[in-house]
Amino acid sequence: MKVFRIQPAGLGLNHLSEDSNGDCLHLHVFDSAIAAIHCEECPTRYGNEVIEIEVDRTWDNGDVEGVACDVAKAVIVRRFTLDEFAKFAVPE
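As the structure is a computational prediction, the values presented were derived from the model and not from experiment. (Residues numbered from 1 in each chain as written. Predicted model: local features only at pLDDT ≥ 70, side-chain atom pairs only at ≥ 80, totals over all residues. Heavy atoms only, no water.)

Let us look at the side chain of Asn61. Here Asn61 is to be found in the loop between strand E4 (59–60) and strand E5 (67–69). Only 3.2 Å separates the side chain of Asn61 from the backbone oxygen of Glu65, close enough to count as a polar contact. (Helix = DSSP H or I, 4+ residues; strand = E, 2+ residues; numbered from the N terminus. Polar contact = N/O pair within 3.5 Å; in protein donor to acceptor, adjacent residues only side chain to side chain.)

Let us now look at the sheet that holds E5. The 3 strands are arranged E2-E5-E4 in an open sheet whose pairing can be described as antiparallel. Of all the strands in the sheet, just strand E2 (27–29) and E4 have a single pairing partner and so form its edges. (Pairing = 2+ DSSP bridges.)

Okay, the pattern of salt bridges next. Using the criterion set out here, one finds 5 salt bridges in the structure. With a shortest N-O distance of 3.7 Å, Lys2 and Glu52 are connected by a salt bridge. Of the two residues, Lys2 sits in strand E1 (residues 2–7) while Glu52 sits in strand E3 (residues 49–54), which places them 50 residues apart along the sequence. Since its relative accessible area comes to 41%, Lys2 is described here as partly exposed. Of the charged contacts, one joins Lys73 and Asp56 as a salt bridge, the two residues approaching to 3.9 Å between their closest N and O atoms. You can see Lys73 sitting in the loop between E5 and strand E6 (75–81) and its partner Asp56 sitting in the loop between E3 and E4, a full 17 residues away along the chain. (Salt bridge = Lys/Arg side-chain N within 4 Å of Asp/Glu carboxyl O. Buried < 20%, exposed > 50% of the residue type's maximum accessible area, 1.4 Å probe, protein only.)

Given below as structure tokens:
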């Protein structure tokens with residue numbers, strides 16, 4: 001399954017972020033391109049790049065947005081600038 005993460009450009013998957021409880025046990029991602037586009041914060045607050053990641057499963061992260069996945073089983077398959085991602089996610 002493909003998921004998406006907004007983060008500073010060039011970082012790998014070892015860049016974990018805290019959830020609203022201060023925990024950073026798993027990789028926090030968006031389960032669709034549309035969910036990433038409509039994130040609660042301004043995307044630039046998270047970073048200036050979106051990565052498309054292949055994962056085997058996701059689960060509720062107990063936070064206000066996104067889902068969690070196992071970073072050990074995740075693989076980056078594509079990188080986008082924010083502008084490129086906007087055109088990919090909403091081509092109109």
